[in-house]
Amino acid sequence: LVVVVSAGNNGPGAGTINKPADDPFVLTVGAVRDNTTPGRGDDTVASFSGTGPTAANGLAKPDIAAPGGSVVSSRVPGSYVDSAFPSARVGTAYFKGSGTSFAAAVASASAALVLDRTPALTPDQVKARLVDTAAAGPVTDRSKVGAGWLDAYAATMSDSTRAANQGLVPSTGAGSLQLSRGSLADNIQTGTVVNALQQELNPGYPSEQRAVGGEKD
């Protein structure tokens with residue numbers, strides 16, 4: 001199973017990689033804006049994209065970056081976000097949003113393409129292909145874009161058998177569950193909504209913001 005995780009939307013400050021994106025084994029994906037042009041020359045790192053290193057242990061993350069700004073995706077008519085932000089609709093069937101979750105989805109689809117062409121690859125080999133074939137972009141700060149811009153075609157056509165994560169020791173699972181908990185923070189294209197549900201279910205839980213498919217800026 002290839003595990004692809006969004007870097008989180010708490011950037012741009014250092015040490016803002018969300019859990020579980022700070023796990024060294026997963027493929028952590030930051031978000032960039034392609035500004036609706038085919039070339040990378042005018043791309044920028046999304047201001048909300050989580051930035052490394054990881055707060056807990058200083059690991060270099062994210063691993064790569066992928067489009068995550070103003071991405072057009074399927075619309076869910078009548079949903080909260082659809083009703084609250086009608087300006088984000090694109091026609092009648094699509095909706096525009098931003099967030100590292102979008103970037104992770106793009107990277108996940110790319111991983112699927114890699115496995116479709118070479119199904120015998122291990123998860124670590126898939127991660128290595130995606131990272132090793134990442135393309136250079138206008139931003140080179142590895143704490144924001146990792147190895148660079150995702151290149152789905154190059155990763156899919158690669159014949160490399162190198163495996164990522166060599167030398168890493170898997171967790172024993174004996175650590176603190178509380179310390180492994182993440183935060184509820186996605187973002188909406190045009191604003192944020194308060195996550196009242198978590199507080200309703202757990203009155204002692206601190207107030208946090210939850211978002212669906214967009215950004216803070």
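Note that the coordinates shown come from a computational prediction; the quantities given were computed from them, not determined experimentally.

Details of the overall build of the protein chain
- When helices and strands are tallied, the protein chain shows 6 helices and 9 strands.
- In the protein chain, buried positions account for 40% of the 217 residues.
- Partitioning the intrachain contacts of the protein chain with sequence separation of at least 6 by distance along the chain shows that 70% fall at a separation of at least 24.
- When the accessible surface of the protein chain is totalled, it reaches about 11,000 Å², and 57% of it is carbon and sulfur.

Looking at the pattern of salt bridges
- With the rule as written, the count across this model stands at 7 salt bridges.
- A salt bridge links D22 to K19; its shortest N-O distance comes to 2.9 Å.
- Using a relative accessible area of 12% as the deciding quantity, one classes D22 as buried.
- Judged by relative accessible area, which is 31%, K19 ranks as partly exposed.
- As a salt-bridge pair, R89 and D82 come within 3.0 Å of each other at their nearest N and O atoms.

Brief notes about the environment of L27
- Relative to the assigned elements, L27 resides in strand 2 (residues 27-33).
- Spatially, the C-alpha atoms of L27 and A104 are 8.8 Å apart, while their sequence positions differ by 77 residues.

Focus on the sheet that holds strand 7 (residues 94-97)
- Pairing is antiparallel across the open sheet formed by 3 strands, whose spatial order is 5-7-6. The sheet is open, and its two edges are formed by strand 5 (71-74) and strand 6 (89-90), each paired on a single side.
- Relative to strand 7, strand 6 runs antiparallel, the two being bridged by 2 bridges. Along strand 7, the bridge assignment pairs V90 with Y94.

Section: the packing of helix 2 (residues 100-117) against helix 3 (residues 123-132)
- Orientation of helix 2 relative to helix 3, taken along the N-to-C sense of each, is 115 degrees, at an axis distance of 10 Å. The two elements helix 2 and helix 3 cross, and the hand of that crossing is right-handed. Counting all contacts with helix 2, which are made through A107, S110, A111, V114, L115 and R117, the residues of helix 3 involved are V126, R129 and L130.
- Residue classes in the contact of helix 2 with helix 3 are distributed as 6 nonpolar, 1 polar and 2 charged.

Considerations on unusual backbone geometry
- With an omega of -5 degrees, the peptide bond between G52 and P53 qualifies as cis.
- Within the secondary structure, P53 sits in the loop between strand 3 (44-45) and strand 4 (64-67).
- Residue T36 is not a glycine yet carries a positive backbone phi of 55 degrees.
- Note that T36 resides in the loop between strand 2 and strand 3.

Observations regarding the environment of T133
- Examined against the element boundaries, T133 turns out to sit in the loop between helix 3 and helix 4 (142-145).
- C-alpha separation for the pair T133 and S160, spaced 27 residues apart in sequence, amounts to 9.8 Å.
- Aside from chain neighbours lying at most four places away, what touches T133 is D151, A154, A155 and S158.

Observations regarding the confidence of the model for the protein chain
- Overall, the predicted model of the protein chain reaches an average pLDDT of 87, with 82% of residues at or above 70.
- Under a pLDDT of 50 for its full length, residues 185-199 has, in the predicted model, 51 contacts with residues more than four places off or in other chains.
- Below pLDDT 50 for its whole length, residues 207-217 participates in 48 contacts with residues either more than four positions away or in separate chains.

Some details on the pairing of strand 2
- Within strand 2, 7 of the 7 residues are buried, leaving the element largely enclosed by the surrounding structure.
- Residues L27, V29, A31 and R33 line one face of strand 2 and the alternating positions T28, G30 and V32 line the opposite face, and both faces are buried.
- Sheet analysis places strand 2 next to strand 4, joined by 4 bridges and oriented parallel. Considered in strand 4, the bridge of G30 is made with A65.

About the cut-offs
- Residues numbered from 1 in each chain as written.
- Predicted model: local features only at pLDDT ≥ 70, side-chain atom pairs only at ≥ 80, totals over all residues.
- Heavy atoms only, no water.
- Helix = DSSP H or I, 4+ residues; strand = E, 2+ residues; numbered from the N terminus.
- Buried < 20%, exposed > 50% of the residue type's maximum accessible area, 1.4 Å probe, protein only.
- Contact = heavy atoms within 4.5 Å.
- Areas by Shrake-Rupley, 256 points an atom, 1.4 Å probe, with all protein chains shown as cover.
- Salt bridge = Lys/Arg side-chain N within 4 Å of Asp/Glu carboxyl O.
- Pairing = 2+ DSSP bridges.
- Axes fitted to C-alpha atoms, helices over the stretch in contact; angles between N-to-C directions.
- Left-handed = near helix turned anticlockwise from the far one by under 90°.
- Nonpolar A, V, L, I, M, F, W, Y, C, P; charged D, E, K, R; others polar.
- pLDDT = per-residue confidence, 0-100.

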